[in-house]
Amino acid sequence: MSANEPFVRADMQAFLDMLAAMDGPPLADVTLEEARGAYLALHAMADAPARELAIIKDLTCPGPAGDIPLRLYDARDTREAGPIITFYHGGGFVIGDLNTHHNLCTEIAAQMDLPVVAVDYRLAPEAPFPAAIEDCEAATRWIASGPAELGREVSSLVLIGDSAGGNASIVVSQALAAKPAAVPVALQVPIFPLASDAIGSASMEEFSDGFVLTKASIEFFELHYQPDKSDPRAIPTLAIHQNTPPTLVVTASLDPIRDSGRDYAAAIAAAGVDHTFIEVKGVTHSFTNLRKAVPGAQCDLERIFAQMKFMLESAS
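Comments concerning the pattern of salt bridges
In total, this model carries 22 salt bridges according to the counting rule given. The salt bridge involving E126 is made with R36; its shortest N-O contact spans 2.9 Å. Remark: R36 occurs in helix 2 (residues 32–46) and E126 occurs in the loop between strand 4 (116–119) and helix 4 (131–144); sequence separation between them is 90 residues. Given a relative accessible area of 22%, R36 falls into the partly exposed group. One salt bridge connects E205 with K215, and the closest N-O pair in it is separated by 3.3 Å.

Next comes the structure, spelled out in structure tokens:
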């Protein structure tokens, strides 16, 4: 490796070599149905198996355009009042669903020993911006109200998501800061989030191709999602951050949208927000869903959980 080449961890390099050998078609060259199927297949192939839990239960809640599918995960049948984790999946607001991130959600529930509710928001292009955000906010407010369907008394919320879901975790947190829900947000955890406009950033150019998420894929997602980049619901760094809850921002060093996550961490730091910033070195976007193919990603994820527990304990 030369001084100008980025550090790539050995387990990550092996996975990148495997993807290159597969030589699959770019997203722009397949149908939406094929793109969504490929995303599910990638996670099924590359992620660690799902954990067995006491409760895995599909639910729905009211949304602005009809019922929103949800999935409740819990390692315990019953528990006392406490925080509940709300999870928003990645996929550029175009691909992804409850099943693409099922294994990861079981891991979060098992490792954090807290209930997790995953939100299956509407996808673009069928429902472009801001439909996904509206669903995520509606579902989060419903969860905060402690409905009987959950079978759990909610004391606070932990908002977490990856990629597009990282964006959603920030934007929903901002909406709940402006108009509080029934319980407060104790912690938000945007993981490799899209938080500022990544187009034209240094990381976008350096990692435009060959590092799982590509510049072409991001352009494909934007084409379908149609975000209004003057709206903080699309670009949350545009918002005011003083009322932001404690935050753990996670980025990946080989990610084309790495600098977007860095921008958000810098913005909340400037606003004096209680936060921790972790940049995982030598891995790509989506490392949280590649734990079988990239074994070290399990340790990376456990590092995130350890920090989440520390921050929740510190706030209690």
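A closer look at the state of the cysteines
This model, assessed by the stated rule, comprises zero disulfides. The structure places no disulfide on C136, whose sulfur is separated from the nearest cysteine sulfur, that of C61, by 10 Å.

Observations regarding the sheet that holds strand 1 (residues 55–61)
Here we have eight strands laid out as an open sheet, ordered 1-2-4-3-5-6-7-8, and mixed in their pairing. One side of each edge strand has no neighbouring strand; the edge strands of this open sheet are strand 1 and strand 8 (275–280). Ignoring strand direction, the axes of neighbouring strands in this sheet form an average angle of 20°. Where strand 3 (residues 82–88) meets strand 5 (residues 154–162), seven bridges bridge the pair, whose relative direction is parallel. Counted as the bridge partner of G82 is V154 from strand 5.

Conventions and cut-offs
- Residues numbered from 1 in each chain as written.
- Predicted model: local features only at pLDDT ≥ 70, side-chain atom pairs only at ≥ 80, totals over all residues.
- Heavy atoms only, no water.
- Salt bridge = Lys/Arg side-chain N within 4 Å of Asp/Glu carboxyl O.
- Helix = DSSP H or I, 4+ residues; strand = E, 2+ residues; numbered from the N terminus.
- Buried < 20%, exposed > 50% of the residue type's maximum accessible area, 1.4 Å probe, protein only.
- Disulfide = S-S within 2.5 Å.
- Pairing = 2+ DSSP bridges.
- Axes fitted to C-alpha atoms, helices over the stretch in contact; angles between N-to-C directions.

Interpretation in functional terms is not warranted from these geometric data alone.
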